[in-house]
Amino acid sequence: MKSTISTRGVDVSGRSRHWHETIARTYFPLDLTFQRPEAFDGELSSWDLGGVSLSRLTSDPLVYRRLPKHFREPGPEEFLVTLPAKSELRFTQGGKEVRANPGAFFIERSHEPYEFSHADPADLWVMKLSKEMLGGRIRAPDRFCSLQFDATNGANGLFVDMVHLIPARYDSMTEETRGVVGRQLVDLLALAIQSDERVLTSGNSTVRSAHLARIESFVRRHIDDPDLGPEEVAGGCGISLRYLHELLRDTNMTLGQWIRDTRLQAAMEDMKNPADRRAIGEIAYARGFTDQAQFSRAFRARFGLTPKEARGRA
């Protein structure tokens, strides 16, 4: 579904409330401070892509605050990926500040307080997705919040290009295609994050976390190999077997648990994909499981429902 909401035609006295409600419906509740509430203008267009939403927002200067009161009610944790197209954006979360200009993007976490603002009229793109969806591709994605990513080259540039292409193609897509495109957009985001050197060299990263990122990437690339084990992972990442196990102690998971959890997350994505018409056994095998009964038990223990139930919900 595509929608556009604007302050045009809204009485000046009601624009503040109208924009509060628009932002809450599109993203989640926030407190807003307007530079000129009596003359505020804004427009927000959004496109639904299955489990992902994409939006473009233009507005006069504004301050958005996410406060503890906003996430006291139970609800899924979500992430916003913001790409400025005009003006500098200021974002602060977890004691870190980002000042992003066009040519960059950054990630916001819904379940931690933050402040987001722009002192000049802004034009920005926002992608919203669940922690479950991003976490199925990148372990502990919240560690990448408040980092600024280059949006101009490599996988980062591909991600941004796809964001900009979607609206023009949206009306010609079927609902099923839109869901597939949404998942591909998340795949590109994950690739962009994993391949950005600043993730590995930024102030909150270390050599150990860089190795963990490479281990995670290697496991995902070889997830269909039922014989994937410590020797293959250590060799593929250029580290010793002993150092591999030492690194994994930081995660409180063994390599076997890590591989199994990654396989289960990938299988869940397959189950939720209405375009994937493979039998459950085929999906299990493609994700590296050799015993379907064992796969079903592990799946239920991980997600609280059977593979058949997960597919039925999709």
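Residues numbered from 1 in each chain as written. Predicted model: local features only at pLDDT ≥ 70, side-chain atom pairs only at ≥ 80, totals over all residues. Heavy atoms only, no water.

### A closer look at the packing of aromatic side chains
Part 1 of the reasoning: According to the stated counting rule, one finds twelve aromatic pairs in the structure shown.
Part 2 of the reasoning: Residues F91 and Y114 carry aromatic rings whose centres are separated by 5.1 Å and whose planes lie at 55° to one another, so their mutual orientation is tilted. Of this pair, F91 sits in strand β7 (residues 89–93) while Y114 sits in strand β10 (residues 114–118), and the two are 23 residues apart along the sequence.
Part 3 of the reasoning: When its relative accessible area of 0% is taken as the criterion, F91 is described as buried.
Part 4 of the reasoning: Seen from their ring centres, F295 and F299 are 5.6 Å apart, and the 55° between their planes marks the pair as tilted. Within this pair, F295 and its partner F299 are both found in helix α11 (residues 292–303), separated by four residues, close to a single helical turn.
Part 5 of the reasoning: For F295, a relative accessible area of 0% corresponds to the buried category.
Part 6 of the reasoning: Between R178 and the ring centre of Y170, over which it is positioned, the NZ or CZ distance is 3.9 Å. (Phe/Tyr/Trp six-rings, centres within 6.5 Å; stacked < 30°, edge-to-face > 60°. Helix = DSSP H or I, 4+ residues; strand = E, 2+ residues; numbered from the N terminus. Buried < 20%, exposed > 50% of the residue type's maximum accessible area, 1.4 Å probe, protein only. Lys NZ or Arg CZ within 6 Å of the ring centre and 35° of its normal.)

### Some points on the sheet that holds β10
Adjacent strands of a sheet pair through backbone hydrogen bonds, lying either parallel or antiparallel.
Part 1 of the reasoning: As summarised here, the arrangement of the five strands in space is β2-β5-β10-β7-β8, forming an open sheet in which the pairing is antiparallel. Pairing within the sheet leaves two strands with one partner each, and these edge strands are β2 (31–34) and β8 (96–100). For this sheet, the mean inter-axis angle between neighbouring strands, taken without regard to orientation, is 15°.
Part 2 of the reasoning: Here β7 runs beside β8; their pairing, made up of five bridges, is antiparallel. Among the inter-strand pairings, Q93 is bridged to a residue of β8, identified as K96.
Part 3 of the reasoning: Contacts from helix α1 (residues 15–26) reach β2 and β5 (62–66) within the one sheet, and its direction differs from that of β2 by about 140°. (Pairing = 2+ DSSP bridges. Axes fitted to C-alpha atoms, helices over the stretch in contact; angles between N-to-C directions. Contact = heavy atoms within 4.5 Å.)

Any functional reading would require information beyond the geometric quantities listed.
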